[in-house]
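These are the residues of each chain, in order.
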Amino acid sequence: MNGSTLVGALIVGVAVGAVGRLVLPGRKAAPVWLTLALGVAAALLGAIVVGLVDTGPGELAVLPLIVQIGFAAVAVVVAVLTAGRPGDDPPTRPGADRREGP
C-alpha cells in the first residue's frame, strides 16, 4: 500500500461519510465526525482487502475505488441507522406500564 492509496481512501471515506449523512432520512444521533471517521476507516479497510487480493498489474484500476466505496457506504449506513435516536425513551422493565391498584 502506497501513499496515493492512503490519500485516496481518505478522500473516498470523507466523501462517502458526508454523502451518507445527507442521503439518509431523519434526524441522526451519530455525530458528523463519527460518520466521517467510519467512512475513512472502512475505506482504508477496503484498500487493505484489495491489496491482499491483488492479482497483478492486469486488474482494473476502478476495482479498488469500488471496493472502498462499498465498504465505506455500508459502514456509514449501519452506523447512522443503529445509533440511538435523540429523545428516545429509555427501555423500561416489563410490566412497568401497568397500573397497580383497585
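On a predicted model such as this, the values are computed, not experimentally measured, just so you know.

With that out of the way, let us pick up the overall build of the protein. If you tally the helices and strands in the protein, you get 3 helices and 0 strands. Counting helices and strands in the order they occur from the N terminus, the protein gives α-α-α. In the protein, the proportion of contacts linking residues at least 24 apart, taken out of those at least 6 apart, comes to 76%. Summed over its atoms, the accessible surface of the protein is roughly 7100 Å², and 69% of this surface lies on carbon and sulfur atoms.

When pLDDT is low, close inspection of the predicted coordinates is not appropriate. Scored by pLDDT, the protein has a mean of 75; 69% of the residues are at 70 or more. Mean pLDDT values for the elements of the protein range from 82 in helix H1 (residues 3-23) up to 85 in helix H2 (residues 32-53).

Take the nonpolar core next. Grouped together as the largest cluster of nonpolar side chains are 6 residues: Ala9, Val12, Val16, Ala42, Ala43 and Ala72. Contributing elements (two or more residues each) for this core: H1 and H2. Here this core takes 3 residues from H1, the largest share from any one element. Beyond its immediate stretch of four places on either side in the chain, Ala42 contacts Phe71, Ala72 and Ala75.

Quick look at the packing of H1 against H2 now. For the pair H1 and H2, the least separation of the axes is 7 Å and the interaxial angle reads 140°. In this view, H1 runs oblique relative to H2, as classed from their interaxial angle. Where H1 crosses over H2, the handedness of that crossing is right-handed. Residue-level contacts link Thr5, Leu6, Ala9, Leu10, Val12, Gly13, Val14, Gly17, Ala18 and Arg21 of H1 to Val32, Thr35, Leu36, Gly39, Val40, Ala43, Leu44 and Ala47 of H2. Within the contact of H1 with H2, the residues separate by chemical class into 12 nonpolar, 5 polar and 1 charged.

What follows deals with H2. An α-helix turns once per 3.6 residues; consequently, residues spaced three or four apart project the same way. With 22 residues, H2 should cover 32 Å at 1.5 Å per step; its first-to-last C-alpha distance of 32 Å lies within 8% of that length. Those residues of H2 that fall on the buried side of the exposure criterion are Thr35, Gly39, Val40, Ala42, Ala43, Gly46, Ala47 and Val50. Buried residues in H2 make contact with H1 and helix H3 (63-82).

Residue placement: Gln68 occurs in helix H3. Looking at Gln68, the relative accessible area reads 5%, which means it is buried. For Gln68, the contacting residues outside a window of four places in its chain are Thr5, Gly8, Ala9, Val12, Ala43, Gly46 and Ala47.

As a further point, take H1. Taking 1.5 Å per residue as the helical rise, H1 with its 21 residues ought to reach 30 Å, and the 30 Å between its terminal C-alpha atoms agrees with that figure. Along its buried surface, H1 packs onto H2 and H3.

What counts and how
Residues numbered from 1 in each chain as written. Predicted model: local features only at pLDDT ≥ 70, side-chain atom pairs only at ≥ 80, totals over all residues. Heavy atoms only, no water. Helix = DSSP H or I, 4+ residues; strand = E, 2+ residues; numbered from the N terminus. Contact = heavy atoms within 4.5 Å. Areas by Shrake-Rupley, 256 points an atom, 1.4 Å probe, with all protein chains shown as cover. pLDDT = per-residue confidence, 0-100. Core = buried A, V, L, I, M, F, W, Y, C linked by side-chain atoms within 4.5 Å. Buried < 20%, exposed > 50% of the residue type's maximum accessible area, 1.4 Å probe, protein only. Axes fitted to C-alpha atoms, helices over the stretch in contact; angles between N-to-C directions. Parallel < 35°, antiparallel > 145°, perpendicular 65-115°, else oblique. Left-handed = near helix turned anticlockwise from the far one by under 90°. Nonpolar A, V, L, I, M, F, W, Y, C, P; charged D, E, K, R; others polar. Expected span 1.5 Å × (residues − 1).

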